[in-house]
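Here is what each chain is made of, one letter per residue.
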Amino acid sequence: MDRLIQILKDPLLIAALAILVLLGAGELLSPGFARGDQIVRLLTVAAILGIVAAGQNLVVLGGREGIDLSVGAVISLGAVIAGNVMSGNDAAILPAVAAAAGAGFLVGIVNGLGVTVVRIPPLVMTLGMMGVLQGALVVLSRGVPSGNAAPALMAFVNQPFVLGIPGILFVWAAIAVLMAFVLRRTAFGWSIYAIGSNERAAVLTGLAAGRIRTILYGLSGLFAGVTGVCVIGYTGNSFISVGDQYVLPSVIAVVIGGTSLAGGSGSYTGTILGAIALVLLQSVLTTLQMEFWSRQVIFGATLLVLMLLYGRQARLRV
Amino acid sequence: MATLLDGRLWLITLTALLVLVGVNAALQPNFLEPSVLQSNLTTFLPLVLVAIGQTYVVLAGDIDLSVGAVVALVNVTTVSVIAALGGDSQSVLAGLAAGIGVGIACGLVNGFFVAVLRFQPIVTTFATSIVFAGLALRILPDAGLPVPEAYWRGYAGGLFGVPTVVLVLAAALVTIAVVGRRPFFTRLRAVGGQRTAAFQTGLSVGRLRIAAYVLSAVFAALASLCLTGETASGDPLMGQTLALSSISAVVLGGTALAGGVGGPFGSLLGALVLGMIGNVIFFAGLPFEYQTLVQGLIVLAALAGGVLVARR
């Protein structure tokens, strides 16, 4: 019995069940909701959230209240940079990806140095960085939408690539495999869990916690920059606040996926399920053809119910 | 120096504020005229109030990301109640009371989820903010619904020659002082500093955390009523940036996000500093497109500087 409860409390299982229930509900409400091409469409949206959540996941795993609130501004930055580098030219896609990812990585490293060297709390550091980037975006784009996606990039994100599946989903799958491999099969991956769960012990065993954590923030920026490229590929153009909508959902996807905000425990597999569940939930609510306000209220309430299932903190004991 | 600053990190914030006031007065010759000061205070007051409330939550080791949505929900409630009751002076009072009541309810909801059900504060208050914002859109789908003249004239005017905004600020200061002298305040800091120890000494940790969330939401409600006096109408999207700005103000005021250290007076100064930074940049004659960037850099530097000083 205890074992059964243990299994039922597994965040991965809860998220997977939530996905199935939502798919079933969607199909009931609007037949055809769970059709193959619809699911591919949903997964495309989930991929954009999932890629930025990969970086968020790393930062959260690294512990010491790790969180990256600057990802939204970095996504916008990545989208604006990529859009201007490409400006509709297929040949410039790879340089655009490199520029966006590189800019994101640099921003992340600055975040990481602020958190580890200056020891600014992550929430404050990344919040401050968000303000700086928003200003930088105004300077960069002079406040008007600028740059546009190359046709090949838009096709890669939106159109079937191989087996009817868009290219972005292959990218996401590759990131998933890479994340799982790095987290579970490399010394770097295990050192993330080590500094996240017990930093003192990790430092005493000789791990350079500061350097590892700085890299994690760098990677979060890198993933956010890449997400920016995906966003401009998805919508075709960019504006300077295009990434704002991803900030807190990226944290929620991580939490719903079973990664503890205290750090040191969780997996990217869970975050993937969390991202899919979030996108599905929004999609089901859209299908309900309710007014915007009631969709919002139900969305928030569902998040609270999900928290009830496993987001609770330890009870205080004497 | 070290002993003087011990527990008085707001002195640094105060110094920064005075420097900013000096710079602003130099850049903007009429800055110290009463009418200009009053209009500046009118602009800064909502953030000041929200930041004061946020401080209590942060002191208890939690965080409240829902204050912006509370501002919106209180605003639409107040203007709707006033409109429904006909718009005379009694209906204005009823609207104000309804707004505060909604604030208290929001705080209780946040406190219940975080302190009783033990949900993670960041995610929880984000989720409740989605719900509150949704309800605000239900009550008033589009911006509009002007408030009666008595309301905004009263807010822009004053009582016995003292501007209303100054009275509100004074009332906030008195509240800070009164709350700060109660055992509640010490207990709250104990809860944020060492939660387990606080629990073991017999403090009702849950009730204290709920009280902090209620205080935060009530201050957000007051901020909303002030904003309503300024804009004189309803707006379901009001106050969206206030949650994150209030956290910056709290940190600038020397309160540790880890909880337990600091106080609302510092946050009040921090909010004024944030507002003054914007002012100074505006009057420094920078090209318009660089203003946000410079402001972001200064705020980030100030946040980093504050943390460095606090660590000492």
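Further up the page is the structure itself.
We now turn to the structure provided with this report. (Residues numbered from 1 in each chain as written. Chains lettered and ligands numbered in written order. Predicted model: local features only at pLDDT ≥ 70, side-chain atom pairs only at ≥ 80, totals over all residues. Heavy atoms only, no water.)

Quick notes on the overall build of chain A
Working step 1: Across its full length, chain A holds 14 helices and 2 strands.
Working step 2: Looking at the 318 residues of chain A, the share that counts as buried comes to 53%.
Working step 3: Nonlocal contacts in chain A, meaning residues at least 24 apart in sequence, comprise 75% of its contacts between residues at least 6 apart.
Working step 4: Taken as a whole, chain A presents about 13,500 Å² of accessible surface, with 67% of it coming from carbon and sulfur. (Helix = DSSP H or I, 4+ residues; strand = E, 2+ residues; numbered from the N terminus. Buried < 20%, exposed > 50% of the residue type's maximum accessible area, 1.4 Å probe, protein only. Contact = heavy atoms within 4.5 Å. Areas by Shrake-Rupley, 256 points an atom, 1.4 Å probe, with all protein chains shown as cover.)

Some words on the overall build of chain B
Working step 1: Secondary structure assignment for chain B yields 14 helices and 2 strands.
Working step 2: Computed over its C-alpha atoms, the radius of gyration of chain B comes to 19 Å, within 12% of the 20 Å expected for a compact globule of 312 residues.
Working step 3: Projected onto its principal axes, the C-alpha coordinates of chain B cover approximately 55 × 50 × 40 Å.
Working step 4: In chain B, 77% of the contacts between residues at least 6 apart in sequence involve partners at least 24 apart.
Working step 5: Distance between charge centroids for chain B: 21 Å, based on 13 positive and 10 negative side chains. (Rg over C-alpha atoms; globule rule 2.2 N^0.38 Å. Lys, Arg positive; Asp, Glu negative; His and termini not counted. Charge placed at Lys NZ, Arg CZ, Asp CG, Glu CD.)

Overview of the packing of helix H4 (residues 71-86) of chain A against helix H6 (residues 122-141) of chain A
All names here are of chain A.
Working step 1: Put simply, H4 and H6 touch, their axes get as near as 9 Å, and they point 20° apart. Judged on the interaxial angle alone, H6 and H4 are roughly parallel. When the axes of H4 and H6 are compared, the crossing they make is left-handed. Contact residues: Ala73, Val74, Ser76, Leu77 and Val80 in H4; Met130, Leu133, Leu137, Leu140 and Ser141 in H6. (Axes fitted to C-alpha atoms, helices over the stretch in contact; angles between N-to-C directions. Parallel < 35°, antiparallel > 145°, perpendicular 65-115°, else oblique. Left-handed = near helix turned anticlockwise from the far one by under 90°.)

Notes on the interface of chain A and chain B
Working step 1: Listed by partner, the interface residues are 46 residues for chain A and 45 residues for chain B.
Working step 2: Summing both partners gives a buried area of about 4,000 Å² for chain A against chain B, and 79% of it is carried by carbon and sulfur.
Working step 3: Taken together, the connections running from chain A to chain B amount to 0 salt bridges.
Working step 4: Seen at the junction of chain A and chain B, the total is 1 residue pair in polar contact (both at pLDDT 80 or more). (Buried area = accessible area lost by both parts, 1.4 Å probe. Salt bridge = Lys/Arg side-chain N within 4 Å of Asp/Glu carboxyl O. Polar contact = N/O pair within 3.5 Å; in protein donor to acceptor, adjacent residues only side chain to side chain.)

Remarks on the packing of aromatic side chains
Working step 1: Counting across every chain of the model gives 7 aromatic pairs over all chains.
Working step 2: Members of the aromatic cluster, each reached through a chain of ring pairs, are B:Tyr56, B:Phe185 and B:Phe219. (Phe/Tyr/Trp six-rings, centres within 6.5 Å; stacked < 30°, edge-to-face > 60°.)

So, the pattern of salt bridges
Close approach of charged atoms lets side chains of opposite charge pair.
Working step 1: Summed over the entire model, instances satisfying the criterion amount to 5 salt bridges over all chains.
Working step 2: Taking the shortest distance from any N to any O, the salt bridge between A:Arg213 and A:Glu199 comes out at 3.1 Å. Residue A:Arg213 is located in helix H11 (residues 209-235), and its partner A:Glu199 is located in helix H10 (residues 199-204); the two are separated by 14 residues in the primary sequence.
Working step 3: For A:Arg213, a relative accessible area of 2% puts it in the buried group.
Working step 4: We classify A:Glu199 as partly exposed; its relative accessible area is 21%.
Working step 5: Put simply, B:Arg153 and B:Glu149 hold a salt bridge, and the shortest N to O gap is 2.5 Å. You can see B:Arg153 and its partner B:Glu149 sitting in helix H7 (residues 149-156), 4 residues apart, about one turn around the helix.
Working step 6: Assessed through its relative accessible area of 43%, B:Glu149 is described here as partly exposed.
Working step 7: Residues joined by salt bridges that share partners form a network here, namely A:Arg64, A:Glu199 and A:Arg213.

Some points on unusual backbone geometry
Residues and elements named next belong to chain A.
Working step 1: Positive phi, close to 50°, is recorded for arginine 64, a residue that is not glycine.
Working step 2: Mapped onto the fold, arginine 64 is located in the loop between helix H3 (36-61) and H4.
Working step 3: The exposure class assigned to arginine 64 is partly exposed, which follows from its relative accessible area of 41%.
Working step 4: Backbone geometry places arginine 119, a non-glycine residue, at a positive phi of 60°.
Working step 5: Structurally, arginine 119 is set in the loop between helix H5 (93-116) and H6.

A look at helix H5 (residues 89-116) of chain B
Working step 1: With 28 residues, H5(B) extends 39 Å from end C-alpha to end C-alpha; this agrees with the ideal 40 Å at 1.5 Å per step.
Working step 2: Of the residues one or two after H5(B), B:Arg118 is the one with positive phi, at around 60°. (Expected span 1.5 Å × (residues − 1).)

Notes on the packing of H5(B) against helix H6 (residues 121-139) of chain B
Residues and elements named next belong to chain B.
Working step 1: At their nearest, the axes of H5 and H6 sit 10 Å apart, and the two run at 145° to each other. The way H5 lies across H6 gives a crossing that is right-handed. Between H5, through Cys106, Val109, Asn110, Phe113 and Val114, and H6, the contact on the second element is made entirely by Pro121, Thr124, Thr125, Thr128 and Phe132.
Working step 2: Classifying every residue of the contact of H5 with H6 by side-chain character gives 6 nonpolar, 4 polar and no charged. (Nonpolar A, V, L, I, M, F, W, Y, C, P; charged D, E, K, R; others polar.)

A word on the nonpolar core
Working step 1: The biggest cluster of nonpolar side chains holds 199 residues, and the ones touching the most others in it are A:Met86, A:Trp172, A:Tyr268 and B:Tyr56.
Working step 2: Per element, the largest residue contribution to this core is 14 residues, and it comes from helix H3 (residues 34-59) of chain B.
Working step 3: Beyond its immediate chain neighbours, meaning those up to four positions away, A:Met86 contacts A:Ala92, A:Ile93, A:Ala96, A:Asn148, A:Ala149, A:Ala150, A:Leu153 and A:Ile232. (Core = buried A, V, L, I, M, F, W, Y, C linked by side-chain atoms within 4.5 Å.)

Here's the deal with the state of the cysteines
Here, disulfide denotes a covalent bond that connects the sulfur atoms of two cysteines.
Working step 1: Summed over the entire model, instances satisfying the criterion amount to 0 disulfides over all chains.
Working step 2: B:Cys226 carries a free sulfur, and the closest cysteine sulfur to it, the one in B:Cys106, is 17 Å from it. (Disulfide = S-S within 2.5 Å.)

A word on helix H12 (residues 247-256) of chain A
All names here are of chain A.
Working step 1: For H12, a buried count of 8 out of 10 residues is recorded, marking the element as mostly surrounded by other parts of the structure.
Working step 2: Turning to H12, its buried residues are Val247, Ser250, Val251, Ile252, Ala253, Val254, Val255 and Ile256.
Working step 3: Phi turns positive, to about 95°, at glycine 258, one or two residues after H12.

Concerning a nonpolar patch on the surface
Residues and elements named next belong to chain B.
Working step 1: A grouping of Val19, Val23, Leu27, Phe282 and Phe283 is seen on the molecular surface, where their side chains present a nonpolar patch of about 420 Å² in accessible area.
Working step 2: When residues of the nonpolar patch are traced back to their parent elements, those giving at least two are helix H2 (10-27) and helix H13 (264-283).
Working step 3: No other element matches H2, which puts 3 residues into the nonpolar patch.
Working step 4: Along the polypeptide, phenylalanine 282 turns up in helix H13.
Working step 5: Here phenylalanine 282 falls in the exposed class, since its relative accessible area comes to 51%. (Patch = residues over 30% accessible without salt bridge, like charges linked within 9 Å, V, L, I, M, F, W, Y side chains within 5 Å.)

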